[in-house]
Amino acid sequence: MQNLLLVNLMRMGDILQTTPLIQALRESRPGARISMLLNESFLDVAKRIDVDTVLPFPVHSLVEAISGQGSLLQGYHCMTEILGSVGGEEPYDLVFNLTPSKSAASFCSLIAHDACRGMWLGDDGSFQAVDPWAAYLVAMMANRRTNPFHLVDIWMRTIGQRGPRKLEMQLSAEDVGRARALLADSGVDPDRDLLVGFQVAASQKEKCWSESEFVRLGQTLHQGLNARVLLFGVAGEATLCEEIGSRIPGSISLAGRTGLGELAGVLKLCRVLVTNDTGTQHVAAAVGTPVIVISVGPVFFRETGPYGEGHLVFQARMPCAPCSFHVSCMNPVCKEKIRAEYVFRALVGLLRGEDGVPEALPQDVSCYRSSFDEEGCLAFTPESPSLDDRQLLVHKGFWHALLEDRSPQAPGEAPEDRPNWSRLEALLRRSSGLMHRIREAGNGQGSKAGQLEVLSGNLGVAEKEMKQLALEVEDLSPLIHYLFVRREALSVRDPLRFLQDSSSLYFNAAEQIKHRFGCDLPGKEAISHG
């Protein structure tokens, strides 16, 4: 029996989003024992997903040990205890680190294992990825605007699996019973009332839709459909929910009144959830409730939106959308562009079972519908794709071919910045050729041995140009970053093999650019792979 460990030290929504990966592991490795290491604050979530063993990571205890007096020794003892609880007599057959942080990667490197996936630390302490899709995820952490893949699909592709799948969450009869009792105590009859859920808060204020638009939507739902609006949130959001709810006739605030089971039970009784980017959207998706996400601020819905078919996402069409996590916008007009009447029309379409998105939206607002593409990956498709939407599709095909080492395809739709892709192709071919020549010189083949210093200097110049290109052209940055991440993960124990593998890495990327985008090389700059 195989023994597998998933390490996910992130939040509730991220844990729920591992459930398609767990399904894939169950199918590909029948009889395997799957354990999950997670933040102790989310044990209730782990009890409701299909894992055999839940291993709590005492984050708070570790932080207190490190920050207290005599922190070094206390932190060491705390880490030793955690490792003792995680490790067994035999190494794990596979440890999959899903947490994109150096601290998690460092911890995972201390766990005995035969194979690993995801993010790890190299021998020199660098943050590395041991497979192409994990390297892609590392590269995209700094280039999220150009990422066309959902996090769930990236994780599954890392182990060679694919969708379509769905989020899963075990919902007991007790959960549903407590949810019904909670609603009954509030004067709500889920068998007669049309219930619509609102999640009006989020982890960052920048990710929250306009409160006034939530109010207008709730009022329209009451007036037009006689709907009952249920406002969800934690205890600290109760004041906000009560304030918004006081302006929506018939609404009920459940903020601070639901544990995870009650929340899931009530969401299952709702016809639709309208939400900011929060973990609540993933609970709704896991229990089968359609979700409408208002994507504002630093929300990258293609990566973290509701996973499954038939969900809707609204986003303003603006050059700055989505904005960076490191920016606090002083004039978030994206929140005002998405109006309550647009969301109401979309919600009515979901209630009627319509497949599309609302028509006749203004040019500065897009509505996307989730579905699965021919590759089994989640896709968010608008009624009228923008230039950015089309370019993301172009890049999506390119990444599939590159990451899965497919044969280069005939030219398709060329990117808008085709000249810059041609520049990158030339630099990749030049670098690949130089690495090949350095390898020959390292073998001492004839007079080339004396050229080693010159060739190495030329390679440094070419790679410096690539780094500069990554700074200048946003669409090229993830590919260049990815290639450097992949190079860092190659073994340097055999320098000549390292040069060969690095040369092949660059050459294969250049071939994909050439064949997919039909780029023409600028004269003599292109040096063959050899």
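Residues numbered from 1 in each chain as written. Predicted model: local features only at pLDDT ≥ 70, side-chain atom pairs only at ≥ 80, totals over all residues. Heavy atoms only, no water.

Draft legend 1. Layout of the overall build of the protein chain. When helices and strands are counted, the protein chain shows 21 helices and 14 strands. Taking 24 Å as the expected radius of gyration for a compact globule of 530 residues, we find that the protein chain reaches 26 Å, a close match to that expectation. For the protein chain, the C-alpha atoms occupy an extent of roughly 90 × 60 × 45 Å along the three principal directions. Taking all 530 residues of the protein chain together, 55% fall into the buried category. The contacts in the protein chain between residues at least 6 apart in sequence include a share of 65% that link residues at least 24 apart. In the structure as shown, the protein chain presents an accessible area of about 23,200 Å², 50% of it carried by carbon and sulfur atoms. Positive and negative charge centroids in the protein chain, built from 52 and 64 side chains respectively, lie 3 Å apart. (Helix = DSSP H or I, 4+ residues; strand = E, 2+ residues; numbered from the N terminus. Rg over C-alpha atoms; globule rule 2.2 N^0.38 Å. Buried < 20%, exposed > 50% of the residue type's maximum accessible area, 1.4 Å probe, protein only. Contact = heavy atoms within 4.5 Å. Areas by Shrake-Rupley, 256 points an atom, 1.4 Å probe, with all protein chains shown as cover. Lys, Arg positive; Asp, Glu negative; His and termini not counted. Charge placed at Lys NZ, Arg CZ, Asp CG, Glu CD.)

Draft legend 2. How the structure looks around the packing of helix α9 (residues 173-185) against helix α12 (residues 260-269). Two elements in contact, α9 and α12, have axes separated by 8 Å at closest approach and are oriented at 75°. Accordingly, the angle class assigned to the pair α9 and α12 is roughly perpendicular. Together, D175, R178, A179, R180 and L183 of α9 and G261, E262, G265, V266 and L269 of α12 make up the contact between the two elements. Looking at the contact of α9 with α12 residue by residue, the classes come out as 4 nonpolar, 2 polar and 4 charged. (Axes fitted to C-alpha atoms, helices over the stretch in contact; angles between N-to-C directions. Parallel < 35°, antiparallel > 145°, perpendicular 65-115°, else oblique. Nonpolar A, V, L, I, M, F, W, Y, C, P; charged D, E, K, R; others polar.)

Draft legend 3. Just the sheet that holds strand β13 (residues 365-372), in detail. Overall, mixed pairing links the 8 strands, which are arranged β9-β8-β7-β10-β11-β12-β13-β14 in an open sheet. Edge positions in the sheet fall to β9 (252-253) and β14 (378-382), since each has one partner strand and no second. Relative to strand β10 (residues 272-275), strand β7 (residues 195-199) runs parallel, the two sharing 4 bridges. Counterpart to F198 in the pairing with β10 is V274. Here helix α10 (residues 211-225) sits on the sheet in contact with β7, β8 (228-232) and β10, set at roughly 175° to β7. (Pairing = 2+ DSSP bridges.)

Draft legend 4. Main features of the sheet that holds strand β4 (residues 94-97). Spatially, β3-β2-β1-β4-β5-β6 is the arrangement adopted by the 6 strands of the open sheet, whose pairing is mixed. In the strand order of this sheet, the two ends are held by β3 (53-57) and β6 (127-129), each with one partner. When the angles between neighbouring strand axes are averaged without regard to direction, this sheet yields 25°. Relative to strand β2 (residues 33-39), strand β1 (residues 3-8) runs parallel, the two being bridged by 6 bridges. Paired with L6 across the strands is M36, a residue of β2.

Draft legend 5. How the structure looks around the side chain of E213. Mapping E213 onto the fold places it in helix α10. Under the relative-accessibility criterion, E213 is labelled buried at 4%. In this structure the side chain of E213 is engaged in a polar contact, spanning 3.4 Å, whose partner is the side chain of R339. (Polar contact = N/O pair within 3.5 Å; in protein donor to acceptor, adjacent residues only side chain to side chain.)

Draft legend 6. Molecular detail of the packing of helix α2 (residues 19-28) against helix α8 (residues 151-158). For the pair α2 and α8, interaxial distance at closest approach is 9 Å and the crossing angle is 25°. The angle between α2 and α8 places the two elements in the roughly parallel class. As α2 packs across α8, the resulting crossing turns out to be right-handed. Along its contact with α2, which presents P20, L21 and A24, the element α8 presents V152, W155 and M156. In terms of residue class, the contact of α2 with α8 is built from 6 nonpolar, no polar and no charged. (Left-handed = near helix turned anticlockwise from the far one by under 90°.)

Draft legend 7. Structural context of the side chain of S253. The topology assignment puts S253 in strand β9. On the basis of relative accessible area, S253 is assigned to the buried category, the value being 18%. Engagement of the side chain of S253 in a polar contact is seen with the backbone nitrogen of A255, the distance being 3.5 Å.

Draft legend 8. Examining the nonpolar core more closely. Core analysis: the largest hydrophobic core is formed by 108 residues, its most contacted members being L230, W399, L479 and Y482. In contact with W399, other than residues within four places in its own chain, are Y136, M140, F149, E404, P478, L479 and Y482. Judged by nonpolar contacts, the second largest core, of 41 residues, contains F198, L217, C241 and V296. (Core = buried A, V, L, I, M, F, W, Y, C linked by side-chain atoms within 4.5 Å.)

Draft legend 9. Structural view of the packing of aromatic side chains. The final tally for this structure, using the stated rule, is 15 aromatic pairs. On the basis of an interplanar angle of 75° and a centroid distance of 5.9 Å, the ring pair of F398 and W399 is categorised as edge-to-face. According to the relative accessible area criterion, W399 is buried, its value standing at 3%. Taken together, the ring pairs in this structure connect W133, Y136, F149, F398, W399, W421, Y482 and F517 into an aromatic cluster. Cation over ring: K467 sits above F484, and NZ or CZ is 5.5 Å from the ring centre. (Phe/Tyr/Trp six-rings, centres within 6.5 Å; stacked < 30°, edge-to-face > 60°. Lys NZ or Arg CZ within 6 Å of the ring centre and 35° of its normal.)

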